[in-house]
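In case you want the letters, here they are:
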Amino acid sequence: MNLIINSSITGVAFLLYSGLYVIVTISKPQTELRRVFRWYLLIMSLWSLAAFLIYVDKSRSEFWFRMMVSIQPGMMISIFAFARTNINLRNKWDTVVVFFGLVIIGLSLIPNLLVSNFHLENGIISYDLTPYTYIPAIPGFSLIVFSMATIIRSYRKSNDPIQQNRLLYLILGIGVMILGSAINFTPFGKYPIDIAANGI
């Protein structure tokens, strides 16, 4: 039962993200904001696909779990880029963030460095977070919080109701994403709650 529920959640998330990716890709005109959002949707599609394959390709579930963990820094970078593009802000920090994300991706691919003792039993994932997990996790979460703070400041300064509504939805979406991702550091991390939250 757990296997059916969890694979269904991750499968639906993949269909949602990949469907949105196709819609944004064929939409005209291809503005810079849409291009950045397209990258975010592509990363989230790959992330949810890896999560789905954890449950359906059980012989290689640990491999797919490692892939899912390694893709997550890309999500943080894309959120940062989307937030900055949304308020038309670019500076040297963009390069620093991308470099930081690539380093985390490399570290997450090393077996048992950040996450160890992975098991999948009866559709339930179990794993242990190593002490090294918090080295990239804390700056990563700080990056998302910083992105949200940047958008909130822009929301308060804007006098355009349409822009304010767009920024408000973005703030709510990132807030749900932060809460969903934080669950991975609790006993409820064995369930795909973060994927469901990101799908919302």
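Let us look at the structure shown here.

Calculation criteria
- Residues numbered from 1 in each chain as written.
- Predicted model: local features only at pLDDT ≥ 70, side-chain atom pairs only at ≥ 80, totals over all residues.
- Heavy atoms only, no water.
- Helix = DSSP H or I, 4+ residues; strand = E, 2+ residues; numbered from the N terminus.
- Buried < 20%, exposed > 50% of the residue type's maximum accessible area, 1.4 Å probe, protein only.
- Contact = heavy atoms within 4.5 Å.
- Patch = residues over 30% accessible without salt bridge, like charges linked within 9 Å, V, L, I, M, F, W, Y side chains within 5 Å.
- Areas by Shrake-Rupley, 256 points an atom, 1.4 Å probe, with all protein chains shown as cover.
- Salt bridge = Lys/Arg side-chain N within 4 Å of Asp/Glu carboxyl O.
- Axes fitted to C-alpha atoms, helices over the stretch in contact; angles between N-to-C directions.
- Parallel < 35°, antiparallel > 145°, perpendicular 65-115°, else oblique.
- Left-handed = near helix turned anticlockwise from the far one by under 90°.
- Nonpolar A, V, L, I, M, F, W, Y, C, P; charged D, E, K, R; others polar.
- Polar contact = N/O pair within 3.5 Å; in protein donor to acceptor, adjacent residues only side chain to side chain.
- 1 Å grid on protein atoms, 1.4 Å probe; cavity = no way out; pocket = protein on both sides within 12 Å on 5 of 7 lines; lining within 4 Å.
- Points joined across faces, edges and corners; volume = space filled by probe spheres on them.
- Pairing = 2+ DSSP bridges.

Focus: the overall build of the protein
When helices and strands are counted, the protein shows seven helices and two strands. Moving toward the C terminus, one meets the helices and strands of the protein in the order α-α-α-α-β-β-α-α-α. Taken across its 200 residues, the protein has 44% of its residues classed as buried. Across the protein, the fraction of contacts at a sequence separation of at least 24, relative to all contacts at a separation of at least 6, is 64%.

Side note on a nonpolar patch on the surface
The grouping of Phe 99, Val 103, Leu 107 and Ile 110 at the surface amounts to a nonpolar patch, some 350 Å² of accessible area in total. Assignment of secondary structure puts Leu 107 in helix H4 (residues 93-108).

Some words on the packing of helix H3 (residues 61-86) against helix H5 (residues 134-157)
When two helices pack together, you describe them by how their axes are tilted relative to each other and by the distance separating the axes. At a minimum axis separation of 9 Å, H3 and H5 run at an interaxial angle of 15°. Classed by the angle they form, the pair H3 and H5 counts as roughly parallel. Crossing of H3 over H5 shows left-handed handedness. Of the residues in H5, those touching H3 at Met 76, Ile 79, Phe 80, Ala 83 and Arg 84 are Gly 140, Leu 143, Ile 144, Phe 146, Ser 147 and Ile 151. Tallied by class, residues from the contact of H3 with H5 come to eight nonpolar, two polar and one charged.

Topic: the side chain of Thr 133
Along the polypeptide, Thr 133 turns up in the loop between strand S2 (124-129) and H5. With a relative accessible area of 9%, Thr 133 lands in the buried category. A polar contact of 2.3 Å, which involves the side chain of Thr 133, links it to the backbone oxygen of Leu 114.

Examining empty space enclosed by the protein
This structure, assessed with the given rule, holds two cavities of 30 Å³ or more. Considering only enclosed or pocket space, the second largest cavity measures out at about 130 Å³ in volume. Surrounding the second largest cavity, Glu 62, Phe 65, Arg 66, Val 69, Ser 108, Ile 110, Pro 111, Asn 112, Leu 114, Val 115, Ser 116 and Phe 118 form its lining. Those elements giving two or more residues to the lining of the second largest cavity turn out to be H3 and strand S1 (115-121). Among the elements that make up the lining of the second largest cavity, the one with the highest residue count is H3 (four residues). Looking at the lining of the second largest cavity residue by residue, the class counts come to seven nonpolar, three polar and two charged.

Digging into the pairing of S1
Here S1 pairs with S2 via five bridges, running antiparallel. Across the sheet, Leu 120 pairs through a bridge with Ile 125, a residue of S2. Between S1 and S2, which follow one another and run antiparallel, lie two residues, and Asn 122 among them has a positive phi close to 55°.

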